[in-house]
Structure formats: structure tokens, C-alpha cells
Amino acid sequence: LGPAIVRGAIAGGRGDWRVIAMRPSEDPFEAIAAAAVATFHDLRPEAVRTLLAQPAGLADLIREGLAPDEGLLVVLDHLEDVLSARDPEALEAFDGLLADALDDFDQRLLLVTTNRSDLVGATLRALPRCATAAGRHGAVLALGGLSRSGLRDVVEGPTRLVGKPLPSDLAQRIRRDAERFVSAPARLSWVLRALCNGPRATMARDEGLGALSGAVARALDGLYAQLGDDERGRTRALLTALVASGRGRSDLPVAITLDEAVIAAGEGPRSKALIERLAAPEGAEGEPPPPALVQITRDGQVDHVRLGHSALLSHWPTLRGWIDDDRIMLERRADVEQAARAWRQAGADPEALPQGAM
């Protein structure tokens, strides 16, 4: 969307656009502040942050930081990240920042968000002012699954481009399998890369990988099996720390800082080395590397760690089993963290700490 709008895809749109593209992560207010500093590089960073700290800060930044013929495109990818926000006050400030800018109705602002369809309701409840503003100024576009012709392009196009077209019977089977899976795109990207990695894509090679239904799970289980006993324990602890129990609803992938991830994986230099290995795993000789179990991203000035793909929650049974086994612990951990945040915000009075059996 960003490049298309900058090229002039909106009829009668602005001549120039500045673009803020980001994920909210667990501190959405800090994430958008850091992204705004990078976008409004002609302003002093402290001036941008001072403006955004005000209730109508984003609207004021547009008025003071944009030329009359400029527009600002804000793309918030994975808006459902706000469900893992750790500071209620920062989330409230983020909600107000966006809502005030929308209600200010400066036509130089275009806000685009993406959200998992099963979490739209929960996200809007977490951002009540944005939900109200979106009702007045917004439009919802539900993206459906791939059409059959689109699926054919996705399956056959990339392999032709790299000079390794799929045999017709194999292409047909992959398309048929892809129509059966909700999370097919996440599986397809790895399976097609794996098929193109060898000398020739064949039905036998696809079956050897585990086909679309089981290839990713088999590759991840193989990666986990290659780890030592200590690394396996660290890996399980790390991955379950990257998931929040849905408490009867869908479980959620969450982002934690790299420092927190190192602690979750058992601390020490081996912990950080393991995280980096899981983010860029190597395949056996002649085989493609398995999918990354985690990804390390820079959000603002802080490195964060999250699951390599949110679809891991649905198509890797091993992880699914760990979460189910540890669900009570995951929910207790979340309760303790929430209580700790409330205690700190209330002044961190030692007398207010839980006592006795509590």
C-alpha cells in the first residue's frame, strides 16, 4: 500500500506522502513515537516526542510537520498486537492519539490498519476511542482467501520465475491441498522454497517433505530433535513465553524484548546464541533450512523477539501440546505480571504486596 500511494494511486491525492509503517508491539505508544521520529527526520526528535505526548499530538504533528501538499500515511500492521500491551496507560494514550487525529479530520491523514479477523472485536474493545472514531470515518475491508486462479499463480508463478516449473500433477496436488488449509499461505511459502531447493521438484520429493499437510511440522520437529537436551528445555521455555493464553479464546502470539527472551530461555550467553540460531536455522546438507521458530525485530530503539510466524500456533502440534500442558502456568504468569504492573503504578508500596497464602 505504501509504495502504491506514494506513486499516486489515490486519484486526486496529495502530491507527496510521508509514511509511518509499524507494528504496535507491546508498547504501541513508544512504537509510534519512534516511527514518527524517523519519518519526521527534518524535525528535532525531542520536538516530535513532545508533540506526541499531548492528547492531540498526532493531529498537531500533522499540522506543524507537513507542508500543505504533503500527506501522512500511517500503516499499523497487526493492530491486534495491542492485546499484549503491558502498560494500560500507554495503551490509553495510543488510543487517544489516533482517535483525536481521526476526529480532527485533517484530510492529509490516511490511517490503514490490518487485524486478524478473529480478533477484530477484542482489538476494538482494547481501543474504544479508535473504535468510535473508525465508526465515523473508517471503512472495513475483509480480505478473503485466494481464488482458484490466484492460488494457481501463487503456486506456479514463483517456481517458473526461478526456472524450476512444477510438474502439472504436483502443482495440481499442492493447489488441492492448499484449498483445505486455512493457514495454507504460511505453509506454501516454505514448501515451495523447499521444492525449488533441490535439483528437480517431483511428487516423490513432495511426499518426502511431508506434503503441504505435514512438511512444516516435520521440518520443525527435525530442528528441535537436533538440539541438545539443555537447548530443548530452553527452546520450550522461550516459545511458551511468546504466547499468551486466550483463556477460552484463541491463544495469542506476543512480543517480548530481547533481554526478556534471554531470561526466558535460561539466561547467559548460550541463551542469546540459541535465540539467534532459532531465528536463522540451518538445514542439513542439500536440504533447505527449516522455518524460523522466532524472529528478532527492531521496534523503535528496542529489539523484540516473537514467534517466527503466528501460524506456528496452528500448524505445529508440538508447540500446541506445550501450550496446552503449560496453560495453567501461562495464565498464572500473566496474572502475576498484571498485578505487578498495577502495584508499580500504584506507587510500589511494600505494604501493598501480597502477604501470607496470597
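For the structure, see preceding data.
Residues numbered from 1 in each chain as written. Predicted model: local features only at pLDDT ≥ 70, side-chain atom pairs only at ≥ 80, totals over all residues. Heavy atoms only, no water.

*Asks:* I'd like a description of the pattern of salt bridges, backed by residues and values.
*Replies:* Throughout the structure, instances matching the rule amount to 26 salt bridges. In this structure, R129 and D100 form a salt bridge, with 2.6 Å as the shortest nitrogen-oxygen distance. A residue pair is termed long-range when its members are at least 10 positions apart, and R129 in helix α7 (residues 128-137) and D100 in helix α5 (residues 88-104) qualify at 29 residues. Judged by its relative accessible area of 40%, R129 falls in the partly exposed class. One salt bridge in this structure joins D177 and R180, with 3.3 Å as the shortest N-O distance. (Salt bridge = Lys/Arg side-chain N within 4 Å of Asp/Glu carboxyl O. Helix = DSSP H or I, 4+ residues; strand = E, 2+ residues; numbered from the N terminus. Buried < 20%, exposed > 50% of the residue type's maximum accessible area, 1.4 Å probe, protein only.)

*Asks:* I'd love a proper account of helix α9 (residues 168-178), names of residues and values included.
*Replies:* Residues of α9 that are buried: L170, A171, R173, I174, R175, D177 and A178. Looking at the packing, one finds that the buried side of α9 touches α8 (148-161), α10 (184-197), α11 (203-209) and α12 (211-225). (Contact = heavy atoms within 4.5 Å.)

*Asks:* So what's going on with α12? Residues and values would help.
*Replies:* Between its first and last C-alpha atoms α12 spans 20 Å; for 15 residues at 1.5 Å apiece the expected length is 21 Å, and the two agree. Taken together, the buried positions of α12 are A211, L212, A215, V216, A217, A219, L220, L223 and Y224. (Expected span 1.5 Å × (residues − 1).)

*Asks:* Can you tell me about the side chain of T123, naming the residues and giving the values?
*Replies:* Among the structural elements, T123 can be located in helix α6 (residues 120-126). Residue classification places T123 among the buried positions, given a relative accessible area of 2%. Residues in contact with T123, not counting those within four places in the same chain, are L79, E80, V82, L83 and N115.

*Asks:* I'd like a description of the environment of G150, backed by residues and values.
*Replies:* If you trace the backbone, G150 turns up in helix α8. A sequence separation of 57 residues divides G150 from A93, and the C-alpha atoms of the two residues are 41 Å apart.

*Asks:* Can you tell me about the layout of surface pockets, naming the residues and giving the values?
*Replies:* By rolling a water-sized probe across the atoms, one finds the places where empty space is left. Of the pockets and cavities examined, the second largest pocket occupies roughly 1,100 Å³. Around the second largest pocket, the lining comprises 39 residues; the ones closest to its centre are L83, S84, A244, V254 and A334. Contributing elements (two or more residues each) for the lining of the second largest pocket: α5, α6, α13 (229-241), β4 (243-244), α14 (258-264) and α18 (327-345). With eight residues, the single largest contributor to the lining of the second largest pocket is α18. Each residue belonging to the lining of the second largest pocket can be placed in one class, and the counts come to 20 nonpolar, six polar and 13 charged. (1 Å grid on protein atoms, 1.4 Å probe; cavity = no way out; pocket = protein on both sides within 12 Å on 5 of 7 lines; lining within 4 Å. Points joined across faces, edges and corners; volume = space filled by probe spheres on them. Nonpolar A, V, L, I, M, F, W, Y, C, P; charged D, E, K, R; others polar.)

*Asks:* Could you give an account of the nonpolar core, with specific residues and numbers?
*Replies:* Grouped together as the largest cluster of nonpolar side chains are 50 residues, with contacts concentrated most on L166, L239, L293, V294, W316 and L319. Top element by residues in this core is α12. It accounts for eight residues. Leaving out residues up to four positions away in the same chain, L239 has contacts with L293, V294, L307, W316, L319 and W322. Residues I32, A35, A36 and L52 belong to the second largest nonpolar core, which totals 33 residues. (Core = buried A, V, L, I, M, F, W, Y, C linked by side-chain atoms within 4.5 Å.)

*Asks:* So what about the pairing of strand β2 (residues 70-76)? Which residues, and what values?
*Replies:* Across the seven residues that make up β2, a large majority, seven, are buried. In this structure, strand β1 (residues 16-22) lies alongside β2, joined through seven bridges in parallel fashion. In the strand pairing of β2, M22 is matched with L76. Sheet analysis places β2 next to strand β3 (residues 109-113), joined by five bridges and oriented parallel. The residue of β3 that forms the bridge with L73 is L110. Since β2 and β3 lie parallel, the crossover through α5 that links them has a hand, and here it is right-handed. (Pairing = 2+ DSSP bridges. Right-handed = clockwise from strand over helix to strand, strands pointing away.)

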